[in-house]
Amino acid sequence: MDLSFTPEQTLLRDTARDFAQKQVAPHAAAIDKQHRFPREIIAQLGELGLMGVAIPEEWGGAGMDAVSYALALEEISRACASTGVIMSVNNSLCCDPLLKFGSDDQKKQWLLPLAAGKKLGCFALSEPEAGSDAAAQKTVAKKTADGSGYVINGTKNFITNGPVADLIVLMAMTDPQAGHKGISAFLIDAKAEGVSFGPVDDKLGIRGAPSAQLFLSDAPVAASARLGNEGDGFKIAMTALDGGRIGIAAQALGIARAAFEAATRYATERKTFGQPIANHQAIQFKLADMCTEIDAARLLIWRAAAKKDAKARFTTEAAMAKLFASEVANRVAKEALQVFGGYGYLTDFPAERHYRDAKITEIYEGTSEIQRLVIASSVLKD
Ligand code: CAA
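What comes next is a walk through the structure. (Residues numbered from 1 in each chain as written. Predicted model: local features only at pLDDT ≥ 70, side-chain atom pairs only at ≥ 80, totals over all residues. Heavy atoms only, no water.)

### A few points about the pattern of salt bridges
- A full pass over the atoms with the stated rule returns 24 salt bridges.
- E129 is the partner of K138 in a salt bridge, and the nearest nitrogen-oxygen pair spans 3.8 Å. Neither residue differs from the other here; K138 and E129 are each classed as exposed.
- Note that E362 and K359 form a salt bridge whose closest N and O atoms lie 2.6 Å from each other.
- Several salt bridges converge on common partners, so that one network encompasses R17, E74, E75, R78, R257, E261, D295 and R298. (Salt bridge = Lys/Arg side-chain N within 4 Å of Asp/Glu carboxyl O. Buried < 20%, exposed > 50% of the residue type's maximum accessible area, 1.4 Å probe, protein only.)

Here it is in structure tokens:
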């Protein structure tokens, strides 16, 4: 078993780390406080190839793999969790399905600028009444009488990147009687007629990653904007989410690491009872548990990413990585705040931001409960 990286993977990780520490981390607190979309950082991520890490160079990406993607996303999220999820949605939920299911024309129009970071994508699956039960879609794409396209009506919820996106990868019912087999995927210009977003959501964490409700009101869409065949939408969404869960796991890992590192630094500086608190066993045990769990999460993520790179089915491994890493992020962020004591509760210190940012990783791209269902169903099938 070989856990070493190729020189290219190491270089990409180091590039992401260097950029994240110098250009992202210094702005993370302000991005959070001001609820500010980090437009200039996203443009620079594009220049570094980080908005389409696993997309071939001919389609505008860095031509790397899923392991590299996880390494880079951990580094970016360690610096700023908001920037991490913006990058993750574009890579996993937009570029990846476009590469797998898009026609050459669709790739030219959307994948090239998305992977190069010149445009930004969002993914519209969740609805007011279709969250965990993703197949319960109410958004309808009705075929026009002449068959040249569709008219779409519906509402989508919690659309990360939505208010600043150029492209929407949207799921809608083309055959509402057919359940999940009646769902199709579409590539929709975010500025198109009949497409609008509500006010930006006011959130607990990841406040620099704008999300909002999306409304489709008699939105006309050409047949050429359908991604894959009619009825393929649910599988396209699930396949994209498999990869997305590796991304969110890596985001959670980055948050956990940031919280752990801040707590470790603080523990060597802060003194109680005449010595640094790092000398107390109560603190040492916390730090030992944190870094052990962080390493375990990282190994699960690398395994899922390596399986994806090997073109094997990785649904279960991605669900395990996402489940464990997101719960580790929450445990570590909570303990890190405790190490900071009263200061951890103040917004002057980073611990409370990590604590707030960690929570969403247990919710989006499939809650922990959904990950457990996915894992259990694979266990019971064996
Ligand atoms: N890959 C490929 N195919 C898959 C699949 C996968 N991972 N998972 C399921 N399928 C297929 C099944 O094989 C089945 O195919 P057949 O009909 O041919 O047999 C079909 O899809 C239906 O499968 P299920 O019966 O298992 O589907 P279900 O309705 O019971 O739902 C679920 C399964 C796992 C609960 C799914 O609904 C789910 O993942 N829910 C969570 C949704 C989610 O993650 N939402 C996140 C929103 S996006 C987001 O959060 C982005 C953001 O803002 C950052």
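There is more to say after this.
### Brief notes about the pairing of strand β1 (residues 121-124)
- Residues of β1 alternate between two faces, with G121 and F123 on one and C122 and A124 on the opposite face, all of them buried.
- Across 4 bridges, the pairing between β1 and strand β4 (residues 167-173) is parallel. Bridging across to β4, G121 finds its partner in L167. (Helix = DSSP H or I, 4+ residues; strand = E, 2+ residues; numbered from the N terminus. Pairing = 2+ DSSP bridges.)

### Structural notes on the packing of helix α2 (residues 39-47) against helix α4 (residues 81-101)
- The geometry of α2 relative to α4 is characterised by a closest axis approach of 11 Å and an angle of 50° between their N-to-C directions. By the angle between their directions, the pair α2 and α4 is classed as oblique. Considering the relative orientation of α2 and α4, their crossing is right-handed. Each of I41, I42 and L45 in α2 lies in contact with α4, whose residues at this interface are T83, I86 and M87.
- Looking at the contact of α2 with α4 residue by residue, the class counts come to 5 nonpolar, 1 polar and no charged. (Axes fitted to C-alpha atoms, helices over the stretch in contact; angles between N-to-C directions. Parallel < 35°, antiparallel > 145°, perpendicular 65-115°, else oblique. Left-handed = near helix turned anticlockwise from the far one by under 90°. Contact = heavy atoms within 4.5 Å. Nonpolar A, V, L, I, M, F, W, Y, C, P; charged D, E, K, R; others polar.)

### As for the state of the cysteines
- Summed over the entire model, instances satisfying the criterion amount to 0 disulfides.
- In this structure C80 is not part of a disulfide, and its nearest cysteine sulfur, from C94, lies 19 Å away.
- Take C80: its relative accessible area is 3%, and that puts it in the buried class. (Disulfide = S-S within 2.5 Å.)

### Here's the deal with the side chain of E317
- Secondary-structure assignment places E317 in helix α8 (residues 315-340).
- Residue classification places E317 among the buried positions, given a relative accessible area of 13%.
- Among all residues touching E317, those that are not within four sequence positions of it are R303, A304 and K307.

### Brief notes about a positive patch on the surface
- A surface patch of positive charge is lined by K181, K235, R313 and K381.
- As for its position among the elements, K381 is in helix α10 (residues 368-381).
- You can call K381 exposed: its relative accessible area is 71%. (Patch = residues over 30% accessible without salt bridge, like charges linked within 9 Å, V, L, I, M, F, W, Y side chains within 5 Å. Areas by Shrake-Rupley, 256 points an atom, 1.4 Å probe, with all protein chains shown as cover. Lys, Arg positive; Asp, Glu negative; His and termini not counted. Charge placed at Lys NZ, Arg CZ, Asp CG, Glu CD.)

### Some words on the environment of G162
- The topology assignment puts G162 in the loop between β3 (149-160) and β4.
- By relative accessible area, G162 is classed as buried at 1%.
- C-alpha separation for the pair G162 and Q213, spaced 51 residues apart in sequence, amounts to 8.0 Å.
- Ignoring anything within four residues of it in the chain, the contact list for G162 reads C122, F197 and P210.

### Describing a nonpolar patch on the surface
- On the surface, a cluster of nonpolar side chains totalling about 400 Å² of accessible area is made up of M1, L3 and L299.
- Mapped onto the fold, L299 is located in helix α7 (residues 281-309).

### Topic: empty space enclosed by the protein
- Enumeration over the complete set of coordinates arrives at 3 cavities of 30 Å³ or more.
- Here the largest cavity is characterised by a volume of approximately 120 Å³.
- Forming the walls of the largest cavity are V53, A54, I55, A66, Y69, N91, S92, D96, G243, I246 and K308.
- Looking at the lining of the largest cavity, the elements that each hand over two or more residues are α3 (66-79), α4 and α6 (233-269).
- Class assignment for the residues of the lining of the largest cavity results in 6 nonpolar, 3 polar and 2 charged. (1 Å grid on protein atoms, 1.4 Å probe; cavity = no way out; pocket = protein on both sides within 12 Å on 5 of 7 lines; lining within 4 Å. Points joined across faces, edges and corners; volume = space filled by probe spheres on them.)

### Some details on helix α1 (residues 7-33)
- For α1, spanning 27 residues, the distance from its first C-alpha to its last is 38 Å, which sits close to the expected 39 Å at 1.5 Å a residue.
- At V24, α1 shows its largest kink, close to 50°, and the proline P26 lies no more than four residues downstream.
- Residues of α1 that are buried include every one of Q9, L12, R13, A16, F19, A20, V24, A28, I31 and D32, and no others.
- Those residues of α1 hidden inside the fold are in contact with α2, α3, α4 and α9 (351-359).
- Following α1 by one or two positions, H35 has its phi on the positive side, about 55°. (Expected span 1.5 Å × (residues − 1). Bend = angle between axes of the 7 residues up to and from the residue.)

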